[in-house]
Amino acid sequence: MKISSIVFRNSASESNLCGVIFDVPRHRGVIAELETLTSKPDFWQDQEKAQQILQRRKSSETRVAADEKLSRISSDIDTYLHMAREESSVAQRDSLMRDIEQELDAAEHYVGQLETETLLSGESDRLNAILTIKSGAGGTESQDWTEMLLRMYLRWAERKDYRASILDSQPGEGAGLKSVTVRVEGENAYGLLSTESGVHRLIRISPFDQAARRHTSFASVFVIPEVDDRIEIEIRPEDLRIDTFRAGGHGGQNVNKVETAVRFTHLPTGIVVQCQAERSQHKNRELAMKLLRSRLYDAEIEKRQQATRKLDESKLDISFGSQIRTYTLQPYRLIKDHRTKYEMGDVDRVLDGDIDPFIRTFLLARAGKGLSVKAGKDGDDGGEG
């Protein structure tokens, strides 16, 4: 019976073997120090500073809790191993070994999650995400591919217990979507989804081609953080043009009868956002304003980082318009990330939302821990991506 190669001996070795460093003594000290600050009578006088302190405390508490959980997992596995060594019945021993394998698989998955979280340290990583998918050249083919990507990200959000809501969409001509904008709410949603920005390529036998020829389709993914209320973005009324229009869609009582959809144009920057997700124009205005604030924030962050990015030649290119991944459905089945060379042969699993291996591998590569890796048992040498 195959048993995972991960071996747990104690809490410290767990962390070292898996690359996850908790530094528990330091974090316990940080928690004690911050507890002293939060107990002061004037703690809430400076709301912004108080929120920062609470965030630091939560981060340290999470690290300590993770170390304690790994210690419990290690203890459970040691117990199972001891029982297996002492068991004289072959059937009982095999049963215990299966339990050990399940515990190791669960531990490996948990450690992977922890390592991913340690790689998210940007100031915007913790925020919600605004994800936009746009079809490329190719008409119906690319529009169908855009809808396939939308389903993949919605399923991913569901797997992560995130809340995803479609803010705006433009139906395709005959099938699929020309574009769609989704709000994803959850801890580290932006930090994780930001790794998906770029052009995604699909190669398959077209279901829309009567001659059953192979087609290549493109769709671009663009992700920005949703700015929360603690980040101040000034939008002057005179800099804003607001247009209302009738919401499009597949039908409904209000469709094409009431101007509930809104479009904001920020005159100084030329940034345009629109929302038709809600039946109420007031709610669509609120959502559109959130979108605009997020776009302006992202533009400012991008401006600040341009100089640094030019100097950082080792940084992986994830700019909008770059081809990052190819999904091949025919003549073989393989998904390959061109930035990290990570591959998976289980195409259906990925299109059903299991993109965490690609996200984690990219984060590791960006942190300089590896630039060329392949999936283990899920990888398939089906040919060149």
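A brief structural summary.

Calculation rules
Residues numbered from 1 in each chain as written. Predicted model: local features only at pLDDT ≥ 70, side-chain atom pairs only at ≥ 80, totals over all residues. Heavy atoms only, no water. Phe/Tyr/Trp six-rings, centres within 6.5 Å; stacked < 30°, edge-to-face > 60°. Helix = DSSP H or I, 4+ residues; strand = E, 2+ residues; numbered from the N terminus. Buried < 20%, exposed > 50% of the residue type's maximum accessible area, 1.4 Å probe, protein only. Contact = heavy atoms within 4.5 Å. Core = buried A, V, L, I, M, F, W, Y, C linked by side-chain atoms within 4.5 Å.

**Some points on the packing of aromatic side chains**
The relative placement of two aromatic rings is captured by the distance of their centres and the angle of their planes. Throughout the structure, instances matching the rule amount to 4 aromatic pairs. With a centroid separation of 4.9 Å and 65 degrees between ring planes, the pair formed by W145 and Y327 is classed as edge-to-face. Residue W145 is found in helix α5 (residues 140–159), and its partner Y327 is found in strand β9 (residues 323–328); the two are separated by 182 residues along the sequence. Both residues of the pair, W145 and Y327, belong to the buried class. Between Y342 and F358 the ring centres are 5.1 Å apart and the planes differ by 80 degrees, which places this aromatic pair in the edge-to-face class. With Y342 in the loop between β10 (334–337) and β11 (343–344) and F358 in helix α9 (residues 356–366), the pair connects residues that are 16 residues apart, well separated along the chain. The residues Y342 and F358 share a single accessibility class, namely buried.

**With respect to the environment of L267**
Along the chain, L267 falls in the loop between β7 (261–266) and β8 (271–275). Of the residues examined, L267 reaches a relative accessible area of 46% and is grouped as partly exposed. L267 sits 29 residues away from E238 along the chain, and the two C-alpha atoms are 8.7 Å apart. The residues contacting L267, other than those within four sequence positions of it, are E238, D239 and R241.

**Quick notes on the nonpolar core**
Core analysis: the biggest nonpolar cluster contains 38 residues, and I133, L149, Y153, W156, V184 and Y327 have the highest contact counts within it. Those elements that provide at least two residues to this core are β1 (129–135), α5, β3 (177–185), α6 (189–193), β5 (214–225), α8 (347–351) and α9. If you tally residues by element for this core, the top one is α5, at 7 residues. One finds I130, L167, L240 and L287 within the second-largest nonpolar core, a separate group that totals 15 residues.

By themselves, these observations are geometric and do not establish any function.
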